[in-house]
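Overview (structure and organization)
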Amino acid sequence: DAGVTQSPTHLIKTRGQQVTLRCSPKSGHDTVSWYQQALGQGPQFIFQYYEEEERQRGNFPDRFSGHQFPNYSSELNVNALLLGDSALYLCASSSRPATRSGANVLTFGAGSRLTVL
Amino acid sequence: AQSVAQPEDQVNVAEGNPLTVKCTYSVSGNPYLFWYVQYPNRGLQFLLKYITGDNLVKGSYGFEAEFNKSQTSFHLKKPSALVSDSALYFCAVRDIGTGFQKLVFGTGTRLLVSP
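In short, a report on the structure. (Residues numbered from 1 in each chain as written. Chains lettered and ligands numbered in written order. Predicted model: local features only at pLDDT ≥ 70, side-chain atom pairs only at ≥ 80, totals over all residues. Heavy atoms only, no water.)

**Re the interface of chain A and chain B**
Where the parts come together, the accessible area they lose is often given as the size of the interface. On the chain B side, the residues contacting the 26 residues of chain A number 26 residues. Around 2,100 Å² of area is buried between chain A and chain B when both sides are counted, 53% of it from carbon and sulfur atoms. In this structure, the connection of chain A to chain B is made through zero salt bridges. Here chain A and chain B share four residue pairs in polar contact (both at pLDDT 80 or more) between them. Of all the elements in the fold, those that place two or more residues in the side of chain A that touches chain B are β4 (31-37), β5 (44-50), β6 (53-57) and β9 (87-94) of chain A. Of the residues belonging to the side of chain A that touches chain B, the class tally is 13 nonpolar, 11 polar and two charged. (Contact = heavy atoms within 4.5 Å. Buried area = accessible area lost by both parts, 1.4 Å probe. Salt bridge = Lys/Arg side-chain N within 4 Å of Asp/Glu carboxyl O. Polar contact = N/O pair within 3.5 Å; in protein donor to acceptor, adjacent residues only side chain to side chain. Helix = DSSP H or I, 4+ residues; strand = E, 2+ residues; numbered from the N terminus. Nonpolar A, V, L, I, M, F, W, Y, C, P; charged D, E, K, R; others polar.)

This is how it looks when you write it as structure tokens:
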């Protein structure tokens, strides 16, 4: 049973460029969240997709956008890259959004490490 | 806003000794707390969670966590550390403000177990 798969694993871009990162959720999961993990920091929530719509967004600028496809896979796009966007980008999936009385366990991928020069 | 704090950047312990990785939380309402572990070049792996019930939660790989409401803490413990436990550990709290769950992570604690 494949877990969460992300591609590419590593990439290098220059300032001002655009990047697209891809994620396939764990089998049976329909909800995808993206997190940014800067060096030496904990993961920071970017946004979450469910039923092909962005359901919740963290404190990230509009340069960060995403998409979810009918097969539940997802893309993260970052435009006009800045040096500060260099980080490990983690995709996490779960079976469905938690209700107020529940707490879903997120399954994380290995991440895509982005370096902006 | 929900938050967690991990006061130690690094914890050093000898193999075979007990280990504790500390976490304190600040939440409005009932806390839903998690521990994840990250090995080099790997994603985060779930260890355990606390929703309600017993204050001692048992998880994967022999880890457990003690929930203490009066001290607003959720410390990760293991009775006997292994060298292979060396990794980066993250405490997290659920935030469900808009009805959809997200996790708020601490800054992480690096655990180093020496032979």
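Now that the structure has been shown, we can carry on.
**Describing the pairing of strand β8 (residues 64-68) of chain B**
Residues and elements named next belong to chain B. Pairing of strand β7 (residues 56-58) with β8 involves three bridges; the strand directions are antiparallel. Looking at β8, one finds that L56 is bridged to E66. The hairpin turn running from β7 into β8, its antiparallel successor, is five residues long, and Y61 in that turn takes a positive phi close to 60°. Across five bridges, β8 lies against strand β9 (residues 73-78) in antiparallel orientation. Of the residues in β9, the one forming a bridge with F67 is F74. Joining the antiparallel neighbours β8 and β9 is a turn of four residues, in which T72 adopts a positive phi near 45°. (Pairing = 2+ DSSP bridges.)

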